[in-house]
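Close look at the chain arrangement
Each chain is listed here by its residues.
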Amino acid sequence: MRPHALALKASRSRHVRTTLAAAGKSIARARRPQFECIALLLQGGGALGAYQAGVYEALAEAGIEPNWVAGISIGAINSAIIVGNPPDKRVERLRQFWQQVTTNAVGAAAFDIISPFVRGDWSRSLVNQLSASLTMTAGAQGFFAPRFAPPFAHPKGSLEATSFYDTAKLKRTLENLVDFDRINSGKMRLSMGAVNVRTGNFVYFDNETHRIGPEHVMASGALPPGFPAVEIDGEAYWDGGLVSNTPLDWVLDSEPRQDTLAFQVDLWNALGDFPGNLAEVETRRKEIQFSSRTRANTDHFKRVQRLRNTVAGLLDDLPDSMRSHPAMEVLRPVAERKAYNIVHLIYRARHYEGHSKDYEFSRPSMQTHWRAGYHDTVRTLRHPQVLARPENHEGVAVFDLEQDGRE
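Residues numbered from 1 in each chain as written. Predicted model: local features only at pLDDT ≥ 70, side-chain atom pairs only at ≥ 80, totals over all residues. Heavy atoms only, no water.

Counting buried positions along strand S2 (residues 68-72) gives five out of five residues, so the element sits mostly inside the fold. Of the two faces of S2, both are covered, the one formed by Trp 68, Ala 70 and Ile 72 as well as the one formed by Val 69 and Gly 71. For strand S1 (residues 37-42) and S2, the ladder comprises four bridges, and the chain directions are parallel. Note that in S2 the partner of Leu 42 across the bridge is Gly 71. For the crossover that starts at S1, traverses helix H2 (residues 50-61) and ends in the parallel S2, the hand is right-handed. (Buried < 20%, exposed > 50% of the residue type's maximum accessible area, 1.4 Å probe, protein only. Helix = DSSP H or I, 4+ residues; strand = E, 2+ residues; numbered from the N terminus. Pairing = 2+ DSSP bridges. Right-handed = clockwise from strand over helix to strand, strands pointing away.)

Turning next to a nonpolar patch on the surface. Among the surface-exposed residues, Leu 223, Leu 242 and Val 243 lie close enough to one another that they form a single nonpolar patch of about 230 Å² accessible area. For Leu 223, a relative accessible area of 33% gives the class partly exposed. (Patch = residues over 30% accessible without salt bridge, like charges linked within 9 Å, V, L, I, M, F, W, Y side chains within 5 Å. Areas by Shrake-Rupley, 256 points an atom, 1.4 Å probe, with all protein chains shown as cover. Salt bridge = Lys/Arg side-chain N within 4 Å of Asp/Glu carboxyl O.)

A few words on the packing of helix H4 (residues 90-101) against helix H14 (residues 363-381). Each pair of packed helices can be described by the angle between their axes along with the distance between the axes. Two elements in contact, H4 and H14, have axes separated by 10 Å at closest approach and are oriented at 150 degrees. In terms of their interaxial angle, H4 and H14 are classed as roughly antiparallel. Only Arg 363, Met 366 and Trp 370 of H14 make contact with H4, whose side of the interface consists of Val 91, Leu 94, Arg 95, Trp 98 and Gln 99. (Axes fitted to C-alpha atoms, helices over the stretch in contact; angles between N-to-C directions. Parallel < 35°, antiparallel > 145°, perpendicular 65-115°, else oblique. Contact = heavy atoms within 4.5 Å.)

On to the pattern of salt bridges. Here the structure, examined in full by the defined rule, presents 15 salt bridges. With its nearest N and O atoms 3.2 Å apart, the salt bridge here joins Lys 338 to Glu 36. Note that Lys 338 is positioned in the loop between helix H13 (327-334) and strand S10 (340-346) and Glu 36 in the loop between helix H1 (3-30) and S1, a separation of 302 residues in sequence. Take Glu 36: its relative accessible area is 40%, and that puts it in the partly exposed class. The partner of Glu 282 in a salt bridge is Arg 285, with the nearest N and O atoms 2.7 Å apart. Taken together, the residues span about one helical turn, with Glu 282 and Arg 285 both in helix H11 (residues 278-290) at a distance of three residues. On the basis of relative accessibility, which here comes to 27%, the residue Glu 282 falls in the partly exposed class.

Before going further, it helps to examine the packing of aromatic side chains. Taken as a whole and judged by the stated rule, the model has 14 aromatic pairs. Taking 5.1 Å as the distance between ring centres and 50 degrees as the angle between the ring planes, the aromatic pair formed by Phe 144 and Phe 227 counts as tilted. One end of the pair, Phe 144, is in the loop between helix H6 (120-138) and strand S3 (145-146); the other, Phe 227, is in the loop between helix H9 (214-220) and strand S7 (230-232), and 83 residues separate them in sequence. For Phe 227, a relative accessible area of 15% puts it in the buried group. Centre to centre, the rings of Tyr 204 and Trp 250 are 4.4 Å apart; their planes meet at 15 degrees, and the pair counts as stacked. Of this pair, Tyr 204 sits in strand S6 (residues 202-206) while Trp 250 is found in helix H10 (residues 248-252), placing the two residues 46 residues apart along the sequence. Cation over ring: Arg 95 sits above Trp 370, and NZ or CZ is 4.3 Å from the ring centre. Between the NZ or CZ atom of Arg 189 and the centre of the ring of Trp 68, over which it lies, the distance is 3.9 Å. (Phe/Tyr/Trp six-rings, centres within 6.5 Å; stacked < 30°, edge-to-face > 60°. Lys NZ or Arg CZ within 6 Å of the ring centre and 35° of its normal.)

A word on the confidence of the model for the chain. Taken residue by residue, the chain gives an average pLDDT of 84. The fraction at 70 or more is 84%. Within the model, the stretch residues 1-30 combines pLDDT values under 50 with three contacts to residues more than four positions away or in other chains. (pLDDT = per-residue confidence, 0-100.)

As a further point, take the environment of Asn 245. Structurally, Asn 245 is set in the loop between strand S8 (235-239) and H10. Along the sequence, Asn 245 and Gln 43 sit 202 residues apart, while their C-alpha atoms lie 5.6 Å from each other. Polar contacts involving the side chain of Asn 245 include one to the main-chain carbonyl oxygen of Gly 44, which spans 3.0 Å. (Polar contact = N/O pair within 3.5 Å; in protein donor to acceptor, adjacent residues only side chain to side chain.)

Where a protein is soluble and globular, its nonpolar side chains tend to be buried together. Counting residues in hydrophobic clusters, the biggest one holds 67 residues, and the most contacted among them are Leu 40, Ile 77, Phe 97, Trp 98, Phe 143 and Phe 263. The leading source of residues in this core is helix H3 (residues 74-83), at seven residues. If we skip the residues at most four places from it in the chain, Ile 77 touches Phe 97, Phe 143, Leu 170, Leu 174 and Val 217. Core analysis: the next-biggest nonpolar cluster, separate from the first, contains 13 residues, Trp 68, Ala 70, Ala 262 and Phe 301 among them. (Core = buried A, V, L, I, M, F, W, Y, C linked by side-chain atoms within 4.5 Å.)

Our next topic: the packing of H2 against H4. Axis separation between H2 and H4 bottoms out at 10 Å; the angle between their running directions is 165 degrees. Considering their axes alone, H2 and H4 lie roughly antiparallel with respect to each other. Remark: the crossing between H2 and H4 carries left-handed chirality. Of H4, the residues touching H2 (which contributes Ala 50, Ala 53, Tyr 56 and Glu 57) are Arg 90, Val 91, Leu 94, Arg 95 and Trp 98. (Left-handed = near helix turned anticlockwise from the far one by under 90°.)

Residue position: Asp 239 is located in strand S8. One polar contact links the side chain of Asp 239 to the main-chain amide nitrogen of Gly 241, over a distance of 2.6 Å.

Inspection of the secondary structure puts Ser 133 in helix H6. Its relative accessible area of 39% is what places Ser 133 among the partly exposed residues. Sequence separation of Ser 133 and Tyr 359 is 226 residues, and the distance between their C-alpha atoms is 9.0 Å.

This part covers helix H7 (residues 168-177). What H7 keeps buried is the set Leu 170, Thr 173, Leu 174 and Leu 177. Burial along H7 is one-sided: seen end-on, the buried residues are contained in an arc of 100 degrees. For H7, the elements touching its buried residues are H3, H4, helix H8 (180-184) and H9. (Arc of directions from axis to C-beta.)

So, on to the pairing of S6. By the bridge criterion, five bridges tie strand S5 (residues 189-196) to S6 in an arrangement that is antiparallel. Note that in S6 the partner of Ala 194 across the bridge is Val 203. The antiparallel hairpin formed by S5 and S6 contains five residues in its connecting segment, where Gly 200 sits at a positive phi of about 80 degrees.

In structure tokens form, the structure reads like this:
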């Protein structure tokens, strides 16, 4: 084939691809789910948080853009990056963050040397443990670094005396990757959970009630004793996962209530086998502690919704003489009919991942987690009912890739 013919063919091919891509985006916009609120809820889980980035990438490709993102711990960091960037930059910024924190020259060189010899779960488990040990020793680039002097060498009451790592680098990373003016403009709602160290109360930093800065994001992820508390307005805050590792209740219980499509992204699976040794005990402990029992929470929410809709039906059947009764002022807000779809996306750990999976910041593991989040979301979105309004009595539909086996 002649050169000019080849060029013409390539040009036509590019034109077709561009046209198809534009058509796909148009279709995606036209099919935006019919819910007042599309919420993305991101749990805490350290290095496992790359799974959430993969979930967001798949949602963005499908044209499903949330208007409310809520997160705790690493979920707060991912949330801030999403809300603090325009749609066309979000995946790129997420990738920048995850590539940065998984960049370690020594670790990368070591992995390149031994990777040809890694075969099977046992070998991969050993490599992951070595990587986690390196993280404990050297920290994660642009995220946290070990203190040169241990905590007991610092004066009592100082931040240095209460944590093993310094997170000053995270502040600079957030300032580079997140437009906080955009967050505070209110174009998209952002909520991040933290715990008041003094009172033990769980609080949410929300851009509807707070002016959000890097310190709010860092407070949500200040997990002791690894990371120091973060001071905001004279109060010190720790990681919200100490009380609740999911923002699901915050979104579902918020007033005024809205028809809501919620993507609940969990990094810890509540389901698991009985442990066989102490290492597996530690893994299982973390899974139970941080899974937040989201399935139990959604079951409870369905029962509450059933009651709300039953009361709404009774109010509709009341005679006019009863509608002015003072009790109606209490019952009407409770009986407001709203629809909810709750989509569970839960990371399923590989057999070789142990108790250090939440601080194993190697590049191969990050890529594995990201791909898992992406593909789990793609497989879930193949089912149109996930995005359709529920038609049952309680007005709640729950979808779970792991339990339903949807492919």
